[in-house]
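Survey of secondary and tertiary structure
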Amino acid sequence: MSQAFTKEVARNIFYGGTAFFFLLFLALTFDTHLELPKRDNRQVLDPSTELGQKIAAGKMLWEENNCLGCHTLLGEGAYYAPELGNVYVRYNNSTMGIMAFIKSRPKDGIPGRRSMPQFNFTDEELEAIAEFLKYVSGIDTNDWPPNIQG
Amino acid sequence: MKYQSQKVAMPYFVAALALFVVQILFGLIIGAQYVIGDFLFPEIPFNIARMVHTNTLIVWLLMGFMGAAYYLIPEEAETELHSPLLAIVTFWVFLVAAGLTIAGYLLLPYARLAELTGNQYWPTMGREFLEQPTITKIGIVVVVLAFLYNLGMTILKGRKTVVGIVLMLGLIGLAVFFLFAFYNPVNLVKDKFWWWWTVHLWVEGVWELILGAMLAFILIKTTGVDREIVEKWLYVIIALALITGIIGTGHHYYWIGTPTYWLWWGSIFSALEPLPFFLMAVFAFQMINKRRRNHPNKVAMLWALGCAVMAFLGAGVWGFMHTLAPVNYYTHGSQITAAHGHLAFYGAYVMINLAIISYAVPIMRGREANGAKAQRVEMWGFWLMAIGMILITLLLTAAGVLQVYLQRYTDAPMSFMVVQDKIALFYWLRLYSGLMFFVGLLFYLYSFFIPGETKASDMEPVKRISEADSTPATANA
């Protein structure tokens with residue numbers, strides 16, 4: 001590299017550039033949080049309502065059973081099992097369908113094939129998980145996934 | 001080895017490699033589960049095995065970074081480490097915490113582990129890569145703080161080089177951005193938004209500073225090129241990394257509920273993210289071309305050069321391939337993502353750790369470099385692992401293209417599981433490539449047990465072919 005472009009110039013670009021773009025990122029972050037109420041389906045999350053509590057419990061069950069270890073949710077997670085961000089829509093807008101599927105998994109799996117474990121959830125827990133997934137399907141994701149198959 | 005206390009790096013490197021073996025074994029298990037769905041079911045379900053695969057990766061990379069920092073900082077600062085005892089104590093705390101966590105994953109149902117560790121009081125578990133119990137996360141913070149204190153005190157009393165400072169900046173960033181792992185709101189969009197502040201700002205942000213500093217250190221030591229030149233390159237590389245990478249976080253904000261303008265911000269900035277990796281590859285080649293000496297540790301230079309090239313391919317090329325929003329709309333969360341993840345992590349962060357281990361371990365054992373036979377075996381390891389990983393990446397890419405077409409692009413989209421069956425052939429071939437990778441790892445490990453030494457005096461002096469090349473070497477000529 002040329003003589004005019006010294007180490008000090010490179011250093012200043014590093015510190016200046018990093019500071020500038022980090023501040024810009026903070027500004028975009030701030031604006032994003034102002035925009036989110038219009039997109040993130042938060043109206044159903046109100047913790048003073050029964051539904052809000054159910055969804056919170058559902059998210060907790062989702063996490064404490066490591067569902068993301070096989071599935072994706074809005075495209076993030078593992079790629080071993082189907083996308084679940086739109087599973088509520090894929091099951092004909094039915095929480096019952098989701099609950100029935102989770103409940104019906106065989107304890108010892110299916111010979112030679114992938115199968116979801118049997119988690120022995122109570123009906124109340126199943127409902128919480130289904131309500132959580134229904135809430136996720138209401139998030140504005142810029143029309144992702146491209147179709148119902150996820 | 002110039003300072004006795006550099007030797008605390010040794011247990012970190014040994015533990016890193018042991019965890020690397022565990023990571024690959026579990027990689028083979030989940031690779032098998034992709035095609036033999038009931039393999040080890042229900043004893044070790046896929047989600048548990050995958051968690052062991054990714055979490056051991058993260059822990060061993062951190063172990064490697066720590067070992068590298070403990071080796072590199074005293075030499076750069078030209079002083080003994082502030083407290084070698086603290087470094088050893090934190091090593092054992094970290095190793096035991098990691099071991100208990102992995103044992104917990106394997107021996108208990110995950111929900112039971114969550115209950116036992118009090119996840120309900122501060123829920124942070126069950127999110128990708130951050131599956132560790134909250135108490136383990138707190139342990140990681142404590143270990144990293146002790147580590148930063150130890151290194152900080154060392155640098156403060158010694159020489160402050162650019163390599164040392166950049167490494168410290170990267171490690172401090174690593175600690176700061178890990179704190180977002182403790183924020184987990186019920187609102188999924190916010191959860192995901194801030195989750196990326198740890199995950200993206202680690203691997204496409206501050207970790208690149210760590211990578212750059214480690215690469216610069218190895219190149220200074222092995223090529224004898226003037227430090228001023230190396231440091232200027234380092235600044236340019238990390239400047240580009242952060243200028244593109246920070247806003248580049250936006251490529252994760254396309255489809256998770258965040259505003260539409262991220263499609264633009266994310267696409268434009270992340271399209272530039274290959275630049276620092278390209279420069280890193282040019283940098284490595286240039287420094288080796290301009291070398292003033294032929295270092296006896298040839299295989300360490302092979303790792304350094306290989307790291308720069310594979311990082312460019314994995315992070316740069318494979319990242320660019322699916323980073324533009326209109327492409328990512330179809331490829332998001334598919335096997336394309338998996339292909340990119342494998343080559344990027346291997347090229348950038350696995351290989352730089354293997355490079356520093358390859359460089360430093362012989363020196364810590366009192367040799368200038370390993371003997372010719374050991375280096376030859378290690379080079380076999382290098383090529384078997386490199387080719388194995390490239391095959392894994394190409395096969396997952398092929399699987400991904402088919403998956404995207406059949407499930408998302410065609411007029412009559414098929415369901416996820418139907419598509420998985422149709423692309424099973426590629427998963428089989430990926431599994432065989434994984435076995436090849438594992439054989440390479442065994443070669444690599446075996447090379448450490450071969451005695452012998454190569455000395456600097458055994459090496460030919462650098463011969464210059466053209467006039468232009470000889471300029472930097474005139475002092476030696």
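Residues numbered from 1 in each chain as written. Chains lettered and ligands numbered in written order. Predicted model: local features only at pLDDT ≥ 70, side-chain atom pairs only at ≥ 80, totals over all residues. Heavy atoms only, no water.

Right, let's get into the overall build of chain B. The helix and strand tally for chain B stands at 17 helices and two strands. Taken along the three principal axes of its C-alpha coordinates, chain B extends 70 × 50 × 45 Å. In chain B, which comprises 477 residues, the proportion classed as buried is 64%. Within chain B, contacts between residues at least 6 apart in sequence are counted, and of these 82% link residues at least 24 apart. Counting every atom, chain B has about 17000 Å² of accessible surface; 72% of that belongs to carbon and sulfur. Averaging the positions of the 29 positive and the 25 negative side-chain charges in chain B gives two centres separated by 4 Å. (Helix = DSSP H or I, 4+ residues; strand = E, 2+ residues; numbered from the N terminus. Buried < 20%, exposed > 50% of the residue type's maximum accessible area, 1.4 Å probe, protein only. Contact = heavy atoms within 4.5 Å. Areas by Shrake-Rupley, 256 points an atom, 1.4 Å probe, with all protein chains shown as cover. Lys, Arg positive; Asp, Glu negative; His and termini not counted. Charge placed at Lys NZ, Arg CZ, Asp CG, Glu CD.)

Across the contact, 89 residues belong to chain B and 74 residues belong to chain A. Approximately 7000 Å² of surface area, both sides summed, lies buried where chain B meets chain A, with 64% of it carried by carbon and sulfur atoms. Run the count over chain B and chain A and you get five salt bridges. Among the salt bridges present, the one from K59 of chain A reaches D191 of chain B, with a minimum N-O distance of 2.8 Å. Counting the contacts that link chain B with chain A gives 41 residue pairs in polar contact (both at pLDDT 80 or more). (Buried area = accessible area lost by both parts, 1.4 Å probe. Salt bridge = Lys/Arg side-chain N within 4 Å of Asp/Glu carboxyl O. Polar contact = N/O pair within 3.5 Å; in protein donor to acceptor, adjacent residues only side chain to side chain.)

Residue and element names in this part refer to chain B. Considering all chains together, one arrives at 22 salt bridges over all chains under this definition. With a closest N to O distance of 2.8 Å, R227 and E76 form a salt bridge. Placement of the pair is R227 in helix α8 (residues 227-248) and E76 in helix α2 (residues 46-77), with a sequence separation of 151 residues. In this structure, E115 engages R112 in a salt bridge whose closest nitrogen and oxygen atoms are separated by 3.3 Å. With E115 and R112 both in helix α4 (residues 110-116), this residue pair falls three residues apart, about one helical turn.

Our focus in this paragraph is the packing of α8 of chain B against helix α9 (residues 262-271) of chain B. All names here are of chain B. Between α8 and α9, the least distance of the axes is 8 Å, while the angle of their chain directions is 155°. What the angle tells us is that α8 and α9 run roughly antiparallel. Here α8 and α9 pass one another in a crossing that is left-handed. Of α9, the residues touching α8 (which contributes I243, T244, I247 and G248) are W262, W265, F269 and S270. For the contact of α8 with α9, the residue count by class is five nonpolar, three polar and no charged. (Axes fitted to C-alpha atoms, helices over the stretch in contact; angles between N-to-C directions. Parallel < 35°, antiparallel > 145°, perpendicular 65-115°, else oblique. Left-handed = near helix turned anticlockwise from the far one by under 90°. Nonpolar A, V, L, I, M, F, W, Y, C, P; charged D, E, K, R; others polar.)

Next up on the list: helix α1 (residues 9-35) of chain B. The terminal C-alpha atoms of α1 of chain B, which comprises 27 residues, lie 40 Å apart, in line with the 39 Å expected from a rise of 1.5 Å per residue. For α1 of chain B, the tally of buried residues reaches 19 of 27 residues, placing the bulk of the element in the interior. (Expected span 1.5 Å × (residues − 1).)

Okay, the domain arrangement of chain A next. Considered domain by domain, chain A is made up of domain 1 (1-38) and domain 2 (42-150). Distance between the C-alpha centres of domain 1 of chain A and domain 2 of chain A: 38 Å. (Domains from an automatic or database assignment.)

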